[in-house]
Each structure stands twice: as structure tokens, then as C-alpha cells.
Amino acid sequence: MNLTMDKIVNLCKTRGFVFPGSDIYGGFANTWDFGPIGVELKNNIKRAWWKRFVQESDNTYGVDSAILMNPKVWEASGHVASFSDPKMDCKNCKTRHRADNLIEAYSKGKVNAEAMTNEGMEQYIADNDIKCPNCGKRDWTPIRQFKLMFETSRGTIDGEKDVIYLRPETCQGEYVNFLNVQRTARAKIPFAIAQIGKSFRNEITPGNFLFRTVEFEQMELQMFCKEDSSMDIYNSYKEQALKFVQDLGLSQDHLRFHDHDKLAHYAKAACDIQYLFPIGWQELNGIHHRGTWDLSRHEQFSGKSLQYLDPFTNERYIPNIIEYSIGADRLALALLCEAYDEELLEQGDTRVVMHFHPAIAPYKVAVLPLQKNLADKAQEVLNKLNKYFMCTYDEAGSIGKRYRRQDEIGTPYCVTIDFDTLEDNTVTIRERDSMKQIRLDIDKLVQYVSEKIMF
Ligand code: GAP
């Protein structure tokens, strides 16, 4: 099977996973709305991440910090000064490109454009006759720095508005709450702060469906630690991050580590986990050893001490930070790509099936009465199950068609109510991947499904 992004986009639109943003107005570039099936998928992904990294950890604490932060935060973080990309427009076809990406693609990664000035990049592009990848012409505007933070303003009196920013990453909310969390949770280093929330970036080259959008959700965790244990913790998060996505169903053949050669001046190590998307190997998440940079900068800009007092040694110090960051939408896209399958069945038909891990499947159970006059009993079963899991109900069309509909949205279990159900209180439960069916007592359904969907 040749998996293309178009197939995934098409399935998502037609089955209710994801719709184009502001659809009735012709869309709004690179924004997407999660539909009834997609919102369940994304919520389940976020829940699985939270369970693994917060609930099952004895030293990780959650927060949900404000999207709008004091603008000084973004000065301290370096975003105001340098969160921008060098952009060039093609005058011929009007497409917009990042100059550093053009150079890196042309030189096949051999030239480090990040180390060049804008003038240096313009010269390199002219000397090497680098053309627009869209139209093949070389008719570039000069490079201009393109700010990646969305600005808005706060203030009610005309002319007295303060510029504020939509956060481009969630982690700053974790840094500024370092001492609040440490004190109230009586946390001892090493400990971590985690959060899930929306981030916004005015990306120059968004696209590829959910891969790069201007508004997205991040699941981020910052582990505060002592320098001498920081490299071990960094390596441990690399392994934990890999295991998490493997446990959710991403195949080892589609995953690889990509250790960074070029590091930010403050960073001690950085690594992405890449996934083999239909568009090629791309970053799925990042693990960064950020040293003491973030807390030192916030200490400097806020004027508040962010030193940790070690209760055992009485030592005071700024902890090192290991960051693990993954986009919920990007992970949803990877899981959609991994789950998609077109299976040839014995009768010669093809079925499209989404092999989601049951824990992230949008619906856990579909309740299907064999005939419409079994609807009352089916509703009774549905009402029993939907106290525990997200379920769906379908009485339209042949049972085969209804199974196919559930396969396409990845429902792991279909429960069929037939005339025997009225006699002996049993139902047929059909498993999505094997298509095997067993007979089960209605009173055992909740326990049976609960065990199967555990993550
Ligand atoms: N705090 C660190 C940070 O934000 P990042 O590598 O810029 O690091 C982390 O982003 C993760 O967020 C990425 O690995 C990706 O999964 C997701 N992400 C970043 N930009 C994105 C975008 N424009 N659209 C969708 N997901 C994005």
C-alpha cells in the first residue's frame, strides 16, 4: 500500500476526524478543526501522555498556565530578540521560503546556514543560482526577518495598548512556576513540571496537514535536576520518549533518534525522535538538555531568586533543565498514518481499517442491534457501557457495512445484540484487527473491555 498524506487527509475529512478550519468561509490556511472522532483521538493521546508522565511518576507535577504571559517572559526567553526566521519571497510565483532551508536543501545539509548572516545567505543563493523550489525561477526578494510570535495587544484606551504575545511554547509557564510548584508540592530535586496546552507560531512554511500548523497543542515536561545527574536524566528521557510512542503503536522501523550536531549556545545536548511520515523522516518530538539557561534568564529579568535550597546539604543553586516536548497534533498525525491500512479480505473486498491502540481509539465500543426491533435492548447495553467508555451506536445498514464503518474509525470492539441476547443476556463481541467473534455475558462486558483498552 502506498500511503500518501492525501489518503489520510481524505479519511479525516470524510469520517469526522479533522475538518479544514473555518470551512464554510473557504478555510483559513493551516488551521484545522478536530471533529467528533478526532477530538476523542486527541483527548486520548493527551490522557495517555499525562498518565505515563504525570500520573505514573512520583516526582512530576502538572500545571495549566496562562497562554498570555507578562511580555518580559519573552524577553528573558530570547524570543523577542531572536525568534524569527530569514524569509525570502519568490517574486515570480509569490511563494514564501526560509533562506536557511533553501541553502540546507541545496547543499544537502553540508552548509550550516544558521551560522551565516543574512547577507552571507543572499550571496550564497546568488553564487549557487538557487532557484525557487515551486516555480524554478530565481527572482528572490532580499531576506527579511520574519517574526514567529503572534502579537496582540492589551489595553482599553486608544493609543495606549501594550504589545503582548500568544505563547509560542508552553514550557515558559513551567519555568516561571518552578518555585511555586517546588514549595507547594514540597518537591525535592530532581522533579519535573508538565503541562499540555496550545501554542501559536506564525510559521513561514506551515503545511502538510497537521504536521506544521500555526496553532497546535504541546505536551511538555521540564525536569529540574543537579548538573551531575543531568546527562543520565537526559538519556533516560530519550528512552522514555521512544518507549511512549512505541507503546502507542508506532513501529520501531518508522522511528529513529536524530542527535543534533548544532546546539544552541546554552544547550548541552539535544535530540529529536523522528518518524517516517508519508512526507519522509521528520521531527516528532524533542529532548533537550538546556543547562541553567532558562532559570538564570528568568532570575535576571524578574529580579527574583530562582535558586533551589537543597534541604540535605544546604547548598543553593540554579538547577539544570532537561526538557521533553512533543506536539499532540503531530503525534495524532503520526498515529493516524501508522494505523491506516487497506486489507484485502478473503471474499476479494478491501477494508480500510485504522489499527489504533485501543487506548487511543476514539470509540472503544460500537453497539449494533442486528435488527431495528432489538433497539431497546441495544440501548440498554449502550447505557451500561457509556458510563465507562466512549461508545457509539449504529442501527443503519447491513451488519457487514456497519463493521466496515467502525473499522474505518478504528473502533476496537463491536457488540452485536441479536435475538439470543433477549433469551440468555449474551452478546457477540467482534475484535477489529482479527475480526474474531466471541459470545460474552452482558455483565462481563465492562471488565472485558476495560482490560483490553488499558494503556
Ligand atoms: N519548548 C521547546 C519547543 O517548543 P520545538 O522543537 O520548537 O521545541 C516541540 O517544539 C514540539 O512541538 C515539536 O517536536 C513538534 O512535535 C511540536 N511542534 C512544534 N512546532 C509545531 C507546529 N508549527 N505545528 C505542529 N506541531 C509543532
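The structure presented is a predicted model; accordingly, all values stated were derived computationally and were not measured.

Structural notes on the domain arrangement of the protein
Then, in step 1: For the protein, the assigned domains are domain 1 (5–69 + 149–336), domain 2 (84–147) and domain 3 (363–452).
Then, in step 2: Facing seven residues of domain 1, the contacting portion of domain 2 comprises ten residues.
Then, in step 3: Approximately 710 Å² of surface area, both sides summed, lies buried where domain 1 meets domain 2, with 54% of it carried by carbon and sulfur atoms.
Then, in step 4: Of all residues in domain 1, Ile204, Thr205 and Lys262 bury the most surface against domain 2, accounting for 71% of the area lost on that side.
Then, in step 5: Taken together, domain 1 and domain 2 are joined by two salt bridges.
Then, in step 6: Across the salt bridge formed by Lys262 and Glu104, the nearest N and O atoms sit 3.5 Å from each other.
Then, in step 7: On inspection of domain 1 and its partner domain 2, the count reaches one residue pair in polar contact (both at pLDDT 80 or more).

So, the sheet that holds strand β21 (residues 413–417)
Strand-to-strand pairing in sheets goes through backbone hydrogen bonds, with the strands running parallel or antiparallel.
Then, in step 1: The sheet built from five strands is open, its strands ordered β20-β19-β21-β22-β23 with mixed pairing. One side of each edge strand has no neighbouring strand; the edge strands of this open sheet are β20 (391–393) and β23 (437–441). With direction set aside, neighbouring strand axes in the sheet form an average angle of 30°.
Then, in step 2: Two strands pair when backbone bridges link them, and strand β19 (residues 365–369) and β20 are joined in this way by three bridges, in the parallel orientation. Each residue of the ladder has a partner; that of Val367, found in β20, is Tyr393.
Then, in step 3: Contacts between helix α12 (residues 375–385) and the sheet are confined to β19, β20 and β21, with β20 contributing the most and set at about 170° to the helix.

So, the pattern of salt bridges
Then, in step 1: Under the counting rule described, the total for this entry stands at 32 salt bridges.
Then, in step 2: The salt bridge involving Arg96 is made with Asp89; its shortest N-O contact spans 2.9 Å.
Then, in step 3: For Arg96, a relative accessible area of 35% translates into the label partly exposed.
Then, in step 4: Overall, the relative accessible area of 16% leaves Asp89 in the buried class.

Rules used in this analysis
- Residue positions are given per chain, counting from 1 as you read along its sequence in written order.
- Under the rules for a predicted model, residues below a pLDDT of 70 receive no local features and side-chain atom pairs below 80 are neither given nor counted, while totals for whole chains, interfaces and linings still include all residues.
- Side-chain metrics in this entry use all non-hydrogen atoms of the structure; hydrogen atoms and water are not considered.
- Boundaries between domains were set according to an automatic or database domain assignment.
- Here, two residues are considered to be in contact whenever any of their heavy atoms come within 4.5 Å of each other.
- Buried area, as used here, totals the accessible surface that two parts lose on assembly, with accessibility defined by a 1.4 Å probe and the loss added over both.
- When a carboxyl oxygen of Asp or Glu lies within 4 Å of a side-chain nitrogen of Lys or Arg, that pair is called a salt bridge.
- Any pair of N or O atoms that falls within 3.5 Å is considered a polar contact. Within protein, one atom must be able to donate a hydrogen and the other to accept it, and sequence-neighbouring residues count only if both atoms are side-chain atoms.
- When DSSP locates at least two bridges between a pair of strands, those strands are taken to pair.
- Helical segments are the DSSP runs of H or I of at least four residues, strand segments are the runs of E of at least two, and each set is numbered from the N terminus.
- Angles shown run from 0 to 180 degrees and are taken between the N-to-C directions of axes, each axis being a line fitted to C-alpha atoms and, for helices, limited to the stretch in contact.
- Relative accessibility decides the category of a residue: with a 1.4 Å probe and only protein chains considered, values under 20% of the type maximum give buried, values over 50% give exposed, and everything between is partly exposed.

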